[in-house]
Amino acid sequence: MRTLVASLLLWGLVGCTAANTNTPVSTEAAHAGAPLPFIEDDYARALAEAKAKGVPLFVDVWAPWCHTCRSMKAYVLSDKSLARHADRFVWLEVNTDLTQNAAFQEKFPIEFWPTLYVIDPRAEKPLLRFAGSATVSQLEKLFEDGERAYKGGVTGAEALLARGDALHAEGRSAEAIETLTEALAEAPADWSRRGRALESLMTAMYGAMQVEPCAKKALELLPGTPRSLSWANAAMFGLMCAVSMPEDAAGVKELRSALEAKVVDAMGAPVIEMSGDDRSGLYEARLMAREVAKDEAGKKVLAEEWLAFLEAEAAKAPNPEARAVFDAHRMGAAMKLGTPERAIPALEQSEKDLPQDYNPPARLATLYRTVGRLDDALAASDRALARVQGSRRLSVMSGRVDILIARKDNASAVKTLEEALAFAKTLPAVQASPRMVKNLEKKLAGLQAEAQPAPK
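Residues numbered from 1 in each chain as written. Predicted model: local features only at pLDDT ≥ 70, side-chain atom pairs only at ≥ 80, totals over all residues. Heavy atoms only, no water.

Student: Which parts of the structure should I look at to understand the environment of alanine 74?
Tutor: By the element assignment, alanine 74 lies in helix H3 (residues 67-76). Relative accessible area serves as the criterion here: at 23%, alanine 74 is assigned to the partly exposed category. Once the C-alpha coordinates of alanine 74 and lysine 442 are considered, the two residues, 368 residues apart in sequence, prove to be 38 Å apart. The residues touching alanine 74, leaving out its near neighbours within four places in the chain, are Ala322 and Val325. (Helix = DSSP H or I, 4+ residues; strand = E, 2+ residues; numbered from the N terminus. Buried < 20%, exposed > 50% of the residue type's maximum accessible area, 1.4 Å probe, protein only. Contact = heavy atoms within 4.5 Å.)

Set out below in C-alpha cells:
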C-alpha cells in the first residue's frame, strides 16, 4: 500500500514518508540479470538516452525506508516477465535520500513513495504519475498508458485520464481532480481504465486534503468500479479521507463506517490479487479507523490478526530483502499491541542479513528504547548513523535524541539536536522536510527551556 498511509505512522512507513547507496537493493550488482535495465540516480544520462532512442522515460522514485518501494522491487519489478518491455522505455530509478537527486525532485516533486513517472524527454514534461504499488498486470497497463500519451492521438475518457495524470504530475491538483472526475463521468461503464482513474482521483483528492469530498466520492464511485487492487486502494483512500475529517463533521461516523466496510470487503472473497505489503496497508487503515472510533478491544484483536499475517508473510519470503519488506509493518503491529519486544528478533535478523542497510538498526534503536534497553538502543543508533546518509539522517538523529533523553543525558541530546539542525541546513531545500526540521527545533527549544534556572 502507498507510502502515503505509512507516512501517518511512526515506524518509517511514511507506507512508508522520508536511500542509501549502501543499501543492497540500490547497488548495480542487484540489477544484474534484472528484467528491466534501470539506470541508477542519473537523470541526465537517462534523459539523453531517451532522447536518442526516441522513447519515453520511465522513472521509479523510491527510498530505502519505504516498505512499499522495497516490496515493488522485491516482488514486482523483479518479475522476469517484464523483460519483454525493456525496449519500450529508458528506465531510471531515483533514490530520494541522495542529495544528487535533489534537482530531479525540484523538477518533479512527489508526495508519496513510491511514485512512478512516465516523462516525455522532448519537453521534460510528465505524461503520467502513479503513486504507490501495482501488480505486474497493472504495471503493464501503465506502460501502455504512458506510451499512448507520448504518441498522442487518444480521445474521450482516455484523453481526459492522460490529461489528469499530467496535471497531477505537474502539481496542479485541483485541475487534475476536475479532469479525472470528468473522465470517470464520461467513460462507458465497462471502461478498462475505470479502476486506475478512480485510484488516481482518490490519490489527488487525499493529497490535496479534500477529505470530505474524497470520502463521499469513494462511496459514490466504488459500486460501479470493477473489483481489483485499484478498487481496494480507492476504498483505502476513501477511509483515510474519512478518518481525517473533523470529529464534528456532519455524517462523519456513517462515512467512516461505510468505508471501513469497503476495506473489509477488499480483504475478503473473492480474493483480489495484491502483495502482502498491500494487504498490510489495508490492515493499517482499518486500525486507524478503530483508533478514531476509540474501539480499544477491536483495535487489539485486529492488531493481533495483522501481526500474525505479517509473520506468515515474512516466513514465506524468498530472500532476506523480500522478508525485510515486512519489518516496518511488524514493528508497527507489535507497537500497537503494546508488545514491542515481539518485533525485535525479526529486526535483529534483518540487520544480520543486510549489514549495510540502515533501517534495521534504526528501527531496533526505537524498539530497544521502548523496552528500556537504553545501552542497546544507543549502540543501534550508532550503527544506523554509520550507514545512513542524506535526508533520512535527520530522522535517525531525532530518534537518537529520544534515547539520550530517556538516559537523562540532556546535554548530549541538545548537542545532537544542534548537529541535526546544522546538517539540515546543508541539505537541498527540497530534501529537508520542514516538518522534521520543525520537530527538531521544538525538541531543542524544550530542552533549552528545561535547562534554564527557575526564576527566584
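Student: Can you help me understand the packing of helix H10 (residues 229-244) against helix H12 (residues 276-292) in this one?
Tutor: For any two helices packed against each other, one specifies the crossing angle of their axes together with the interaxial distance. Look at H10 against H12: their axes get within 10 Å of each other, and the N-to-C directions meet at 25°. In this view, H10 runs roughly parallel relative to H12, as classed from their interaxial angle. Between H10 and H12 the crossing geometry is left-handed. Contacts from Leu229, Ala232, Met236, Leu239, Met240 and Val243 in H10 reach Asp278, Leu282, Ala285, Arg286, Met288, Ala289 and Val292 in H12. Of the residues contributing to the contact of H10 with H12, the split by class is 11 nonpolar, no polar and 2 charged. (Axes fitted to C-alpha atoms, helices over the stretch in contact; angles between N-to-C directions. Parallel < 35°, antiparallel > 145°, perpendicular 65-115°, else oblique. Left-handed = near helix turned anticlockwise from the far one by under 90°. Nonpolar A, V, L, I, M, F, W, Y, C, P; charged D, E, K, R; others polar.)

Student: For this particular structure, what's the right way to read the state of the cysteines?
Tutor: Two cysteines joined by a covalent bond between their sulfur atoms form a disulfide. On inspection of all chains with the given rule, the structure shows 2 disulfides. Here cysteine 66 engages in a disulfide with cysteine 69; their sulfurs sit 2.4 Å apart. When the S-S torsion is 90°, as for the bridge of cysteine 66 with cysteine 69, the disulfide is right-handed. Assessed through its relative accessible area of 0%, cysteine 66 is described here as buried. For cysteine 69, a relative accessible area of 2% gives the class buried. The residue that forms a disulfide with cysteine 214 is cysteine 241, at a sulfur-sulfur distance of 2.1 Å. Here cysteine 214 and cysteine 241 share a disulfide; its torsion about the S-S bond, 80°, makes the bridge right-handed. Here the residue cysteine 214 occupies a position in helix H9 (residues 211-221), and cysteine 241 occupies one in helix H10, the gap between them amounting to 27 residues. Neither residue differs from the other here; cysteine 214 and cysteine 241 are each classed as buried. (Disulfide = S-S within 2.5 Å.)

Student: How should unusual backbone geometry be read in this particular structure?
Tutor: The general pattern is negative phi for most residues beyond glycine and trans for most peptide bonds. A cis amide bond links tryptophan 113 to the next residue, proline 114, at an omega of -10°. Within the secondary structure, proline 114 sits in the loop between helix H4 (102-107) and strand S4 (115-120). Here alanine 269 and proline 270 are connected by a cis peptide whose omega angle stands at -5°. Residue placement: proline 270 occurs in the loop between helix H11 (252-266) and H12. We note that lysine 294 has phi near 60°; this positive angle belongs to a residue other than glycine.

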